[in-house]
Amino acid sequence: MIEIKNVFYSYLDIIALNNINLEIKPGEAVALMGANGCGKSTLLKLMNGIISPERGSYRFDGEEITHKKLQDSKFSKQLHQRIGFVFQNSDTQLFCSSVFEEIAFGPRQMGLDELEVTKRVKDCLKLLNIENFENRIPYHLSGGEKRKVAIACVMSLNPDVLVLDEPMNGLDPKTQRWLVEFLVKLNKAGKTLIISTHNLELVHEISTRAILFNEEHTIVADMLTKELLKDIDLLKKVNLVDKYYH
Amino acid sequence: MDHTESEMTDVPEWLLINENYIPLTDKDTFVNKSILSIFRVISRIKMQDSIQQTHLKINVPLNVLCTAILLILVSLTKSLIFVMIINVYLLSILCVTDTDRLIRILKLSVGVTLFTAIIMLPAFIQGNSYSSIMITTKVFASITAVGLLSHTTKWSLLTKALKRFYVPDIFILILDITIKYIYRLGELSLSMFYALKLRSVGKNNKKYTSMAGVAGTMFLQSMEMAEEMYHAMECRGFSGEYHRMEKSKFKWIDYFHIAIHIGFVVLYLYLGRVLS
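Because the structure is a prediction, the values reported are computed rather than measured.

**Quick notes on the nonpolar core**
Judged by nonpolar contacts, the single largest core of 57 residues is most densely connected at Ile4, Leu43, Met47, Tyr58 and Ile194 of chain A. Per-element accounting of this core gives the leading share, 11 residues, to helix α8 (residues 169-199) of chain B. Contacts of Tyr58 of chain A, omitting those with residues within four sequence positions, involve Ile2, Glu3, Ile4, Leu46, Met47, Pro53, Glu63, Glu64, Ile65 and Ile83 of chain A. Val86, Ala152 and Val154 of chain A together with Val11 of chain B belong to the second largest nonpolar core, which has 41 residues in total.

Okay, here's the thing in structure tokens:
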């Protein structure tokens, strides 16, 4: 489904992705791990077609995603429908006047009739346990509630792949637990999950496979999450944990 | 993922099937152009971090002062020879800067000069050729001088240099904070435009409503940031007074720079006397 070969990307002179090779199959739950600034978020942006590789190739469902193709409005819209992106900062994702409008934004653009749009919104509200927020102003919600609304906005598009950038950040333990259960449920429903996270306590619950970046912006490990968590020396080597971690 | 098979009953049916969606064509020029222009501003500020002074490394307050003197002399002079000499001096300074910087500075100064030349064209045709050439060359000199200063000096050093000219510390602090928040709000608006683009998967007939939403959220966020900073400053004991220490040493290149500019002042006075 996702195939990344020899990809390089840099911001001005600062390298963000250094020879990345990666393949993700449909239905997988993959965690991207690594210290801050190792290139996880850049890779997620690349997968979502926000940026395109400087060198190397990125294929989605066999089709190469290039800068030129992303300039084609129809092509990029189709890609964005198929890959949903939940931003790290939910505030950036919410700009409508009410939660209902926020969730209905995508389905309405897809040309669905208003009955279907309403059904999708209600289903998403129920799925994310935010039925009471329908008429609330998104900006006034708490951090956890905003995250739920942001996920609902993406889910209403029914993407094949759900990409989440640090979804556990800033959430209380109860909401984190809820999110874990929700992501597991989605994955079981057939959705491919790609999650960047630092949360070593919950990562094995939300992913089966982990990809580890080092500070040189390269992938150093691609293995089962449980196996990776046991390799403390490797986690120390990439500066993800310190000597007190066990 | 050790969870036992969770119940699928609450997952809606439409979410379990693949969406066979073909988007309608829609224009995204406004969002795309906004993304590009915000990205340019952010990159410009980010590049400040990596700005290296030219190998001449002139003292920053001195450079600011000399540029100001140069601008005043250029705008006051009635001598085309003087403006030409200044232009030759600026171009020779440009020659020792790296290619990227040279292109960026020249792009701006040549662009503005051409624009001025076009505006001055009717006057030139009417017979006021001297004034037209004078104004156009003055514009080139002024833009190049300012371009040289801004492209070879970090903004933080420029604001710091203001201290030497007895600009109040609080004003310098406000300038620094402004630059910081232009960057932070720029990053935020860039993320919001990215989100808008990613969520705009079809035909959006209410683009301006979405834009108003983005602008509104930006406004609220900036208010929140301002409040947070105010509280943080209070917690750090800020009482309205801000003192900034500034020490700088002069090197041989700085004395050389002073000598050149004294030369320009003398030349300005001499040519002024010759013309009168």
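Back to the text.
**Quick word on the state of the cysteines**
Residues and elements named next belong to chain B. Taken as a whole and judged by the stated rule, the model has 0 disulfides over all chains. The closest cysteine sulfur to the non-disulfide-bonded Cys66 is located on Cys95, 20 Å from its own sulfur. Using a relative accessible area of 4% as the deciding quantity, one classes Cys66 as buried.

**Side note on the environment of Asp160 of chain A**
When you line up the elements, Asp160 of chain A lands in the loop between α6 (143-155) and β7 (161-165). Discounting residues that sit within four places of it in the chain, Asp160 of chain A has contacts with Met1, Arg82, Lys191 and Thr192 of chain A together with Asn18 of chain B. Reaching out from Asp160 of chain A, the side chain makes a polar contact with the side chain of Arg82 of chain A at a distance of 2.7 Å.

**Looking at the pairing of strand β6 (residues 83-86) of chain A**
All names here are of chain A. Judged by which residues are buried, β6 turns out to be covered on both faces: Ile83 and Phe85 on one side and Gly84 and Val86 on the other are all buried. Relative to β7, β6 is paired through 4 bridges, and the arrangement is parallel. Bridge pairing in β7 places Val86 opposite Leu164.

**Quick word on the packing of helix α5 (residues 99-125) of chain B against helix α6 (residues 129-152) of chain B**
Residues and elements named next belong to chain B. At a minimum axis separation of 9 Å, α5 and α6 run at an interaxial angle of 160 degrees. When the axes of α5 and α6 are compared, the pair comes out roughly antiparallel. Every pair of crossing elements has a handedness; the one defined by α5 and α6 is right-handed. The class makeup of the residues in the contact of α5 with α6 is 15 nonpolar, 10 polar and 2 charged.

**Quick look at helix α4 (residues 99-109) of chain A**
In an α-helix, one full turn covers 3.6 residues, which means residues spaced three or four apart are oriented alike. The element α4 of chain A is extensively covered by neighbouring structure, given that 9 of its 11 residues are classed as buried. What α4 of chain A keeps buried is the set Val99, Phe100, Glu102, Ile103, Ala104, Phe105, Gly106, Pro107 and Gln109 of chain A. At its buried positions, α4 of chain A is contacted by α5 (114-127) and α6 of chain A together with α8 and α9 (207-235) of chain B. One or two positions beyond α4 of chain A, positive phi appears at Gly111 of chain A, with a value near 85 degrees.

**Topic: the pattern of salt bridges**
If you walk through the whole model with that rule in mind, you get 19 salt bridges over all chains. Where Arg120 of chain A meets Glu19 of chain B, a salt bridge forms, and the shortest distance between an N and an O atom there is 2.9 Å. Within this pair, whereas Arg120 of chain A is found in helix α5, its partner Glu19 of chain B is found in the loop between α1 (13-16) and α2 (29-50), the two belonging to separate chains. Each member of the pair Arg120 of chain A and Glu19 of chain B is classed as buried. The closest approach of N and O atoms between Arg101 of chain B and Asp98 of chain B, which form a salt bridge, is 2.9 Å. For Arg101 of chain B, a relative accessible area of 8% gives the class buried.

**Thoughts on the packing of helix α3 (residues 60-76) of chain B against α6 of chain B**
All names here are of chain B. Two elements in contact, α3 and α6, have axes whose closest approach is 10 Å; the angle formed by their N-to-C orientations is 175 degrees. In terms of orientation, α3 lies roughly antiparallel with respect to α6. Every residue of α6 that contacts α3 at Asn63, Val64, Thr67, Leu70, Leu71, Val74, Ser75 and Leu76 is listed here: Lys138, Ala141, Ser142, Ala145, Val146 and Leu149. Of the residues belonging to the contact of α3 with α6, the class tally is 9 nonpolar, 4 polar and 1 charged.

Parameters at a glance
Residues numbered from 1 in each chain as written. Chains lettered and ligands numbered in written order. Predicted model: local features only at pLDDT ≥ 70, side-chain atom pairs only at ≥ 80, totals over all residues. Heavy atoms only, no water. Core = buried A, V, L, I, M, F, W, Y, C linked by side-chain atoms within 4.5 Å. Buried < 20%, exposed > 50% of the residue type's maximum accessible area, 1.4 Å probe, protein only. Helix = DSSP H or I, 4+ residues; strand = E, 2+ residues; numbered from the N terminus. Contact = heavy atoms within 4.5 Å. Disulfide = S-S within 2.5 Å. Polar contact = N/O pair within 3.5 Å; in protein donor to acceptor, adjacent residues only side chain to side chain. Pairing = 2+ DSSP bridges. Axes fitted to C-alpha atoms, helices over the stretch in contact; angles between N-to-C directions. Parallel < 35°, antiparallel > 145°, perpendicular 65-115°, else oblique. Left-handed = near helix turned anticlockwise from the far one by under 90°. Nonpolar A, V, L, I, M, F, W, Y, C, P; charged D, E, K, R; others polar. Salt bridge = Lys/Arg side-chain N within 4 Å of Asp/Glu carboxyl O.

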